[in-house]
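# Reading the structure
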Amino acid sequence: MTRILFYLDEPGKEIWRPAFEAAIPGVEFREYPDWGTPDDGPAYVFAWEPEPGLIAKYPNVKTIFSLGAGVDHLTSDPDLPADVPIVRMSDMGLKEGMAEYVLMTVLMYHRYMPRMLASQRKHEWRRLFPPAASDVRVGILGYGALGHYCAQALKPLGYQLASWSRTAKPEEDGIRHYSGEEAFEDFLARTDILVGLLPSTPETTGLLNSRTMALMPRHAAIINAGRGSLINLGDLVSALDSGHLSGATLDVFVEEPLDENNPLWSHEKVFITPHIASITRPTTAAEYVAENIKRIESGLQPQNVLDRKRGY
Ligand code: NDP
Ligand code: OXD
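Let me begin by describing the structure that accompanies this report. Residues take numbers from 1 onward in each chain, read along the sequence in its written order. Throughout, the order in which chains and ligands are written sets their labels, letters from A for the former and numbers from 1 for the latter. Per-residue local features are limited, in this predicted model, to residues with pLDDT of at least 70; the limit for side-chain atom pairs, both in listing and counting, is 80 or more; totals at the level of whole chains, interfaces and linings are taken over all residues. Side-chain measures were taken over the full set of non-hydrogen atoms in the model, leaving aside hydrogen atoms and water.

### Comments concerning the overall build of the chain
Every helix listed is a DSSP run of H or I at least four residues long, and every strand listed is a run of E at least two residues long, numbered separately from the N terminus. Within the chain, the regular secondary structure consists of nine helices and twelve strands. Expressed along its principal axes, the backbone C-alpha trace of the chain runs to roughly 65 × 45 × 35 Å. Residues classed as buried in the chain amount to 49% of the 312 residues present. A separation of at least 24 residues holds for 61% of the contacts in the chain among residues at least 6 apart in sequence. Each accessible area is a Shrake-Rupley result for a 1.4 Å probe, and residues are judged covered by the shown protein chains and nothing else. Of the roughly 15,700 Å² of accessible surface on the chain, 53% is carried by carbon and sulfur atoms. Think of it this way: Lys and Arg go in the positive column, Asp and Glu in the negative one, and His and the chain ends go nowhere. Taken as the charge centre is NZ of Lys, CZ of Arg, CG of Asp or CD of Glu, depending on the residue. Computed over 30 positive and 41 negative side-chain charges, the inter-centroid distance for the chain is 7 Å. In this scheme, a residue with accessible area under 20% of its type's maximum is buried, one over 50% is exposed, and one in between is partly exposed, where area comes from a 1.4 Å probe on protein chains only. It only takes one pair of heavy atoms within 4.5 Å for two residues to be counted as in contact.

Written out as structure tokens, the structure is:
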């Protein structure tokens, strides 16, 4: 019998039980606070932002499945057991959702949508002529599961694509890969629309700041759907106010929810979405967990295990 200890503190969470019951016939799906006791036998945790210290109380937990691709919501718990593997979400639903968000926002900047909206508000018939996609340089920061999937979705539109990652990637048609700190500045200098899909680690924190944003071409735009720690927001506002950057779409923040008094909400060049760029979809996520439990129970490594030293 497979036992899942589920933790999610959000409205609408009742959709998860049927998804797990369909993916794992006979599953014992226990929703917090009904987690039982460690004496109930081995269990898997499936969680988003569990209360700090909670998982440590259950030494029967064999593996922790993160409900998201990011794991900062787990590793910020100082009592998180160090020896329990953490499997990061990487199901098809998450990739498809992110590709939709990235296509929507890249097209929005390419086709001057923020400027069109500004004209509409002034009842102004102002015809602007966007460049061809082949003249627009899109750069994806982070070329992992999501960055790669989003790049494949963008390719048919004809943009000049590039990626930046920690380690070098094999050559690929239609996209130029940059890697390592030494290539970061060249990557920024060729990027008109930047898509942030990096995890939050000490190395990615504050990568976009006044110095690095100044390296981007004038009128470049930034879309951040990775983690909020990537950008120094004060520096971003200065770059927008000076006209150096033309816009920013921000889905993630260091403090969430974003404070209602934060001036970013009403900045005319900023779009804010409430951490919904991609939402884990129950059917595909439960199947992903089920497949990994099968692997674990037949003695194989699960996919996408967090490397705690690397931080992602
Ligand atoms: P992956 O682990 O598959 O990919 C991470 C990518 O980031 C890799 O390409 C990795 O490089 C790169 N990277 C990590 N550290 C560095 C560094 N120091 N310098 C350069 N590149 C670096 O993760 P996913 O693609 O699955 O997810 C990415 C992030 O997206 C998640 O961590 C999460 O924070 C965020 N996310 C946000 C969502 C939202 O709704 N807003 C939804 C889902 C995820 P390399 O390839 O060399 O290892
Ligand atoms: C995730 C997220 O990490 O939603 O999946 O941010």
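### A few points about the site of ligand 2
Working definition: residue near molecule or strand if any one of its non-hydrogen atoms lies within 4 Å of it. Residues in close proximity to ligand 2 include Trp48, Gly68, Ala69, Gly70, Arg227, His275 and Ser278, which together make up its full environment. We define a polar contact as two N or O atoms separated by no more than 3.5 Å, with the added condition that, inside protein, one atom must be a possible hydrogen donor and the other a possible acceptor, whereas residues neighbouring each other in sequence contribute only through side-chain atom pairs. Ala69 places a polar main-chain atom, nitrogen or oxygen, 2.7 Å from an oxygen atom of ligand 2. Here His275 contributes a side-chain N or O atom positioned 2.5 Å from an oxygen atom of ligand 2. Taking 210 Å² as the accessible area of ligand 2 by itself, protein coverage stands at 86%. For this classification, Asp, Glu, Lys and Arg are treated as charged, while Ala, Val, Leu, Ile, Met, Phe, Trp, Tyr, Cys and Pro are nonpolar and the rest, including Gly, are polar. Across the shell around ligand 2, the residue classes break down as two nonpolar, four polar and one charged.

### A short note on the pattern of salt bridges
Working definition: two side chains of opposite charge can pair if their charged atoms are close together. Basic side-chain nitrogens of Lys or Arg form a salt bridge, by our definition, when they fall within 4 Å of a carboxyl oxygen of Asp or Glu. Applying the stated criterion to the full structure yields 14 salt bridges. As a salt-bridge pair, Arg17 and Glu21 come within 3.9 Å of each other at their nearest N and O atoms. One end of the pair, Arg17, and the other, Glu21, are both in helix 1 (residues 16-23), four residues apart, so they sit about a helical turn from each other. Of the residues examined, Arg17 reaches a relative accessible area of 32% and is grouped as partly exposed. Under the relative-accessibility criterion, Glu21 is labelled partly exposed at 40%. Because the salt bridges share partners, they merge into one network encompassing Arg3, Glu28, Arg30, Asp34 and Asp40.

### Structural notes on the pairing of strand 6 (residues 137-141)
Within a regular strand, the side chains alternate between the two sheet faces. By the criterion of burial, strand 6 is predominantly enclosed, with four of the five residues buried. Paired strands, as defined in this entry, are two strands with at least two bridges between them according to DSSP. In the sheet, strand 6 pairs with strand 7 (residues 160-165) via five bridges, with the strands oriented parallel. When the sheet's bridge partners are listed, Leu141 is paired in strand 7 with Trp164. Crossovers are marked right-handed if the path from the first strand over the helix to the second runs clockwise, as seen with the strands pointing away from the viewer. Note on the crossover from strand 6 through helix 5 (residues 145-154) to strand 7: the handedness is right-handed.

### Structural notes on the site of ligand 1
Neighbouring residues of ligand 1: 28 residues in total, closest Arg88, Thr167, Lys169, Asp251 and Tyr312. In this structure, an oxygen atom belonging to ligand 1 sits 2.8 Å away from a main-chain N or O atom of Ala145. Gly226 places a polar main-chain atom, nitrogen or oxygen, 3.5 Å from an oxygen atom of ligand 1. Only helix 5 and strand 7 provide two or more residues apiece to the shell around ligand 1. Grouping the constituent residues of the shell around ligand 1 by class yields 13 nonpolar, nine polar and six charged.

### Overview of the environment of Gln120
Of note, Gln120 is situated in helix 4 (residues 113-121). Overall, the relative accessible area of 56% leaves Gln120 in the exposed class. Taking the C-alpha atoms as reference, Gln120 lies 21 Å from His219; in sequence the two are 99 residues apart.

### Side note on helix 6 (residues 181-189)
By the burial criterion, the buried members of helix 6 are Ala183, Phe184, Phe187 and Leu188. Buried residues along helix 6 cover an arc of 140° about the axis, so they all sit on one side. Away from the buried face of helix 6 by more than 90 degrees, exposed residues Glu182 and Asp186 are located. Residues of helix 6 that are buried in the fold lie against strand 6, strand 7, strand 8 (175-179), strand 9 (193-196) and helix 7 (210-214). In this description, the arc belongs to the directions extending from the helix axis to the C-beta atoms.

### Description of a negative patch on the surface
A patch is a set of surface residues, each over 30% in relative accessible area and not in a salt bridge, joined within 9 Å for like charges and within 5 Å for the nonpolar side chains Val, Leu, Ile, Met, Phe, Trp and Tyr. Side chains of Asp9, Glu10, Glu49, Glu51 and Glu256 sit close together on the surface and give a patch of like negative charge. Here Glu256 shows up in the loop between strand 11 (245-250) and strand 12 (270-272). Glu256 sits in the partly exposed class, given a relative accessible area of 39%.

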